[in-house]
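# Coordinate analysis (summary)
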Amino acid sequence: MAAHSLPLIQKAQILGDTVYSPTAFSKFLGISKNDLLEKEAKGIFPPAKRDSSRERYYRPEDVSRYRNYLGLPSPLKSIRKQLFLNFKGGTGKSTISASYGFRLAQMGVRTLMIDLDPQGHLTQCLGLNSQQFPKTLFSALIEKEDMEKIIVKTDLPTLDIIPSNLNLSPVELSLFSMNSREFRLRRLINSVEKQYELIVMDASPSIGLLNLNAILASNDLIIPVLADFLSYHGLKILFETLSTIEEDFSFVFENIFIFLNRYNESHRICKRSKKALETHYDKYLLSTVIRQDTKIAEATSQGTPIFLFAQSSKGAVDVQSLIDEILELKGADHVG
Ligand SMILES: Nc1ncnc2c1ncn2[C@@H]1O[C@H](COP(=O)(O)OP(=O)(O)OP(=O)(O)O)[C@@H](O)[C@H]1O
Ligand SMILES: [Mg+2]
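All values reported here derive from a predicted model rather than from experimental measurement.

Conventions adopted
Residues numbered from 1 in each chain as written. Chains lettered and ligands numbered in written order. Predicted model: local features only at pLDDT ≥ 70, side-chain atom pairs only at ≥ 80, totals over all residues. Helix = DSSP H or I, 4+ residues; strand = E, 2+ residues; numbered from the N terminus. Rg over C-alpha atoms; globule rule 2.2 N^0.38 Å. Buried ≥ 20, exposed ≤ 12 C-beta atoms within 10 Å, placed from the backbone. Contact = placed C-beta atoms within 7 Å. Near = placed C-beta within 6 Å. Nonpolar A, V, L, I, M, F, W, Y, C, P; charged D, E, K, R; others polar. pLDDT = per-residue confidence, 0-100. Domains from an automatic or database assignment. Expected span 1.5 Å × (residues − 1). Pairing = 2+ DSSP bridges. Core = buried A, V, L, I, M, F, W, Y, C linked by C-beta atoms within 7 Å.

### Digging into the overall build of the chain
Secondary structure assignment for the chain yields 16 helices and eleven strands. What you see for the chain is a C-alpha radius of gyration of 20 Å, in line with the 20 Å of a compact globule of 336 residues. When burial is assessed residue by residue, the chain has 43% of its 336 residues classed as buried. Summarising the internal contacts of the chain: among those between residues at least 6 apart in sequence, 77% fall at separations of at least 24.

Encoded structure:
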């Protein structure tokens, strides 16, 4: 692929310096630490790299390599194109989608993340300075640039991103006068999806043509909601919009997942809105709840996925559980 490499900026190097201990690494492979060491002793795996105190360590790119040694299939059964969307602002779309996609890439899943918001928050949540990228989805959608030219590789070999910044903002107006204006993103994604197992998109909190494109290009809708009644109302608007789209375009999502974010059990309002969601949206509501966690807020402000910032925090445990539930990876314990 002709994608260019990230310029060396400090935050990208945080990803690059990541190494895994045998315990963490064995969890990514779904085997025990003993099994990992035994397979190394038997020569099934090559000798691990050692640090200055002779401790074994592994790098992010080793995950896919070791999965191949074991003949393990991808953790995903088929390609998933997943859209994080809620018309209500500030529910955690960017924060949670960034950590979600990053973690799956860490687990060896070939992932493309697409930032659909001119605010560039997904890009920033991954530790990248959104302003440094001259090209966004605008170039491909409107100016017919090849997707290959706007995809940016990161130093996590399984993670690519289409970054965003204010260059994307005229997209609504430009799309409006174009042919097949609702299906342009679907076509672009079709042109590159063979290279990936997972595509994660982070939408802006708006109803518009770009988000309609994103909906029509996805298999799964993932909706973070806060436990308050404004969010509850927002959901109603979202589902009304979806039923119009279903009528107009005969389009239905294969899966819709709703999860509660920033949940605080000690707040009565949280418990009450959880009950309301269970009553009215039971079919879609995940049992995973992402708790309010200051570590998540700190990780966002530092532009670091929670798994690099505080990997045993409540936030990291909850996002892993979200991944396991959505992708039916239950039984595997990957946090470590
Ligand atoms: N579980 C959590 N615990 C604590 N803080 C959280 C949690 N989830 C998200 N946040 C914080 O909430 C704020 C809003 O999150 P985020 O920007 O991801 O929302 P969004 O839905 O993408 O917003 P927008 O609609 O503007 O795109 C951020 O500061 C983030 O750090
Ligand atoms: Mg956002």
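On we go.
### Let's talk about the site of ligand 1
Around ligand 1, a shell composed of 20 residues is seen, among which Gly 89, Ser 94, Thr 95, Pro 205 and Thr 300 lie nearest. Counting only elements with at least two residues in the shell around ligand 1, the list comes to helix H5 (93-106), strand S10 (255-263) and helix H14 (294-302). Looking at side-chain class alone, the shell around ligand 1 contains four nonpolar, twelve polar and four charged residues.

### Here's the deal with the confidence of the model for the chain
Of all residues in the chain, 93% have pLDDT values of 70 or greater, and the mean over the chain is 90. Counting contacts from residues 5-14, a segment whose pLDDT is below 50, to residues more than four positions away or on other chains yields 20 contacts. For the stretch residues 331-336, pLDDT sits under 50, and the model shows 15 contacts to residues farther than four places along the chain or on other chains.

### So, the domain arrangement of the chain
Domain assignment breaks the chain into domain 1 (14-69) and domain 2 (74-326). Once you take the C-alpha centre of each, domain 1 and domain 2 turn out to be 30 Å apart. Domain 1 puts ten residues into the contact, and the matching count from domain 2 is eleven residues. Contributing elements (two or more residues each) for the side of domain 1 that touches domain 2: helix H1 (10-16) and helix H4 (62-69). Classifying every residue of the side of domain 1 that touches domain 2 gives five nonpolar, three polar and two charged.

### Section: the environment of His 267
Within the secondary structure, His 267 is located in the loop between S10 and helix H13 (268-280). Owing to 13 C-beta atoms within 10 Å, His 267 belongs among the partly exposed residues under this scheme.

### Brief notes about H5
The end-to-end C-alpha distance of H5, which contains 14 residues, comes to 20 Å, matching closely the 20 Å that a straight helix rising 1.5 Å per residue would cover. Of all 14 residues in H5, 14 are buried; the element is thus mostly enclosed. Directly after H5, the chain includes Gly 108, whose backbone phi takes a positive value near 100 degrees.

### Some remarks on unusual backbone geometry
Even without a glycine there, the phi angle at Ser 250 is positive, about 45 degrees. Looking at the secondary structure, you find Ser 250 in the loop between helix H12 (229-249) and S10. Unusually for a residue other than glycine, Arg 262 sits at a positive phi of about 55 degrees. Take Arg 262: it is sitting in strand S10. Judged by local crowding, Arg 262 falls into the buried class, with 23 C-beta atoms found within 10 Å.

### Overview of the pairing of strand S4 (residues 80-84)
Summarising burial for S4: five of the five residues are buried, a large majority. Side chains of S4 alternate between two faces, with Arg 80, Gln 82 and Phe 84 and Lys 81 and Leu 83 buried alike. With five bridges connecting them, S4 and strand S8 (residues 198-202) associate as parallel partners. Across the sheet, the residue bridging to Leu 83 is Met 201, located in S8.

### Here we look at the environment of Val 252
Mapped onto the fold, Val 252 is located in the loop between H12 and S10. On a C-alpha basis, the gap between Val 252 and Asn 219 in space is 8.4 Å, while along the polypeptide they are 33 residues apart.

### Topic: the nonpolar core
By size, the foremost hydrophobic cluster in this structure holds 80 residues, and its most contacted members are Leu 83, Leu 137, Met 201 and Ala 214. Among the elements that take part in this core, H5 stands out by supplying six residues, more than any other. Both domains that meet at this core, namely domain 1 (14-69) and domain 2 (74-326), each give it at least three residues. Excluding residues that lie within four positions of it along the chain, Ala 214 makes contacts with Leu 83, Leu 116, Leu 185, Met 201 and Ala 203.

### Concerning the pairing of strand S5 (residues 111-115)
Of all five residues that make up S5, five are buried, and the element is covered over most of its length. Burial along S5 is two-sided: Thr 111, Met 113 and Asp 115 facing one way and Leu 112 and Ile 114 facing the other are all buried. Bridge analysis of S5 against strand S7 (residues 159-162) gives four bridges, and the strand direction is parallel. By the bridge assignment for S7, Leu 112 is matched with Asp 160.

### A closer look at the environment of Tyr 57
Locating Tyr 57 in the fold gives a position in strand S3 (residues 56-57). Classification of Tyr 57 as partly exposed rests on a count of 15 C-beta atoms within 10 Å. In this structure, the C-alpha to C-alpha distance between Tyr 57 and Phe 25, residues 32 residues apart in sequence, is 8.4 Å. Not counting residues within four places of it along the chain, the set of residues in contact with Tyr 57 comprises Val 19, Tyr 20, Ser 21, Lys 49 and Asp 51.

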